[in-house]
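# Fold and contact review
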Amino acid sequence: MTKFINPGLSKTSRRNVLRGSVLAGAAAMTGTAAMTGPRAPRLDRANATSARLYKAAGEQTADSTAKPADLSGYTRVKQELVVPPFAPEHEQVATGGPKIVEITMDTTERLMVVDEDTGASVWALTYNGSVPGPLIIVHEGDMVELTLRNPHDSMMEHNIDFHASTGALGGGGLTHVYPGEEAVLRWKATKPGCFTYHCAPGGAMIPYHVTHGMNGAIMVLPRDGLKDAQGNPLRYDSIAYFGEQDYYLPMDENGDYKTYDAAGDDYADSLEAMRGLVPTHQVFNGAVGALTGENALKAKVGETVLMVHNSCNVDSRPHLIGGHGDYVWESSFTDPPLTGMETWFVRGGSAAAALYTFEQPGVYAYVNHNLIIGAMLGGTAHFVVEGDWNNDLMEQVVAPRPFAT
Ligand SMILES: [Cu+2]
């Protein structure tokens, strides 16, 4: 599981300089290094340039002359979001008519250990305290009604862009919340599939928030559930929800990871590290080892797991070592799934789902099969599967032994 440290947050006037959505010049305000460092002006220019691309987000307002949404026929339900890698309670096949699914997320900023062995840590920017943010599950035709709350002790402004939604930059333009504010956004889930969501406060703050953990996934199921190419129903016993997170953690001149007193303090250093496009860590669910060892996922032979993989910022090629993607949806759930996949693709800025039925007991590693990432940057999770071994599928005919020359 994701590891958290809660040192408490001290209120500071820096909140006032960090809350701007464009934040041109923020690099020079987030630390003394930025004020004296020769690279600060360059960062300012980059921030201002990229901010223009997203200027519309800050100017977006709901059109008060638009016709009210027709909510007749909808039933209101609450979805209790849970900590990854788990999935909220849900129906695989929708019963009854469309729902307005009410969810609440807090934009929690907290210090997280990324790698216990090296002491690498990050002031994570999160939805509900976890990296990735919680998995949301609705059905096609449902409305998602999100209350987004920014805690009073936050340092920064946050919002949310749902790739599954339509309009207003995915809702990003309608959900900017400053510390102590909340906003409510309702949108209709018209596209079935798995989709990423993420914070997008503007300019360089977008990749800064995303690479500090502020992303997650929503799964929009067809109302009649998942199907194969022939239309036969496909069902799962459990969901494993992976969030692949690239971190660019600043190091000091000795190669040690730097530590910071509060969220946002690493802004200038982070932007400099990010510009190299070389992550220091690329992990599943927030930290190295978050889903291995005693935190490994559990399953039994004969059980079917739906692996939902969110990768907001970087391309990923998940592979289940010793298993397969029996059915894989890299795109819409209305497209026929790919079958018998050895490795599948999660485009950076998207989420995908893979269904697999375990046939052998043992430990399966779920990795990014860029094996440098899988083995050296932290991109590995484990399933521990119980059950009876099937010699028809595999047998060690001869154990390793010396052979005669
Ligand atoms: Cu944010």
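Definitions and cut-offs
Numbering of residues starts from 1 in each chain and follows the order in which that chain's sequence is written. Totals for whole chains, interfaces and linings use all residues, but because this is a predicted model, local features are given only for residues with pLDDT of at least 70 and pairs of side-chain atoms are given and counted only at 80 or more. To get the side-chain values, all heavy atoms of the structure are used, and hydrogens and water are removed first. A strand pair is defined by DSSP finding two or more bridges across the two strands. Runs of E in the DSSP output that reach at least two residues are strands. Runs of H or I that reach at least four are helices, and both are numbered from the N terminus. Axis definition: a line fit to C-alpha positions, over the contact stretch in the case of helices; interaxial angles, taken between N-to-C directions, run 0 to 180 degrees. Throughout this description, the term nonpolar core refers to a set of buried Ala, Val, Leu, Ile, Met, Phe, Trp, Tyr and Cys residues connected via side-chain atoms within 4.5 Å. Using a 1.4 Å probe on the protein chains alone, a residue whose accessible area is under 20% of its type maximum counts as buried, one over 50% counts as exposed, and one in between counts as partly exposed. Contacts: residue pairs with any heavy atoms within 4.5 Å of one another. By definition, no residue in a patch forms a salt bridge, and every one has over 30% relative accessible area; like charges are joined within 9 Å, nonpolar side chains (Val, Leu, Ile, Met, Phe, Trp, Tyr) within 5 Å. Accessible areas in this description were obtained via Shrake-Rupley with a 1.4 Å probe; residue shielding takes into account the shown protein chains only. A side-chain nitrogen of Lys or Arg and a carboxyl oxygen of Asp or Glu constitute a salt bridge if their distance falls within 4 Å. Any pair of N or O atoms that falls within 3.5 Å is considered a polar contact. Within protein, one atom must be able to donate a hydrogen and the other to accept it, and sequence-neighbouring residues count only if both atoms are side-chain atoms.

One open sheet holds the 6 strands; their spatial order is β15-β14-β17-β21-β19-β20, and the pairing between them is mixed. The outermost strands of the open sheet, each flanked by one partner alone, are β15 (281-284) and β20 (338-341). Neighbour-to-neighbour, the strand axes of the sheet open up by a mean angle of 25°, direction not taken into account. Direction of pairing for strand β19 (residues 325-329) relative to strand β21 (residues 350-357): antiparallel, over a ladder of 3 bridges. Among the inter-strand pairings, Y327 is bridged to a residue of β21, identified as L355.

Take the nonpolar core next. For soluble globular proteins, nonpolar side chains are generally found buried alongside one another. Grouped together as the largest cluster of nonpolar side chains are 40 residues, with contacts concentrated most on M105, I136 and I218. Excluding its chain neighbours within four sequence positions, the residues that come into contact with I218 are L135, I136, V138, V144, A164, W187, G193, C194, F195 and Y197. The next biggest cluster of nonpolar side chains, apart from the first, holds 20 residues, and it includes L291, V305, W344 and F358.

A few words now on a nonpolar patch on the surface. Residues W389, L393 and M394 make up a contiguous nonpolar surface patch of about 340 Å² in total accessible area. In this fold, M394 is placed in the segment after β23 (380-386).

The next point concerns the side chain of E145. Mapped onto the secondary structure, E145 falls in strand β7 (residues 143-149). In terms of polar contacts, E145 uses its side chain to reach the side chain of R76, at 2.9 Å. Among the polar contacts listed, one links the side chain of E145 to the side chain of R186, at a separation of 3.3 Å. Discounting residues that sit within four places of it in the chain, E145 has contacts with R76, I100, V101, E102, I103, V184, L185 and R186.

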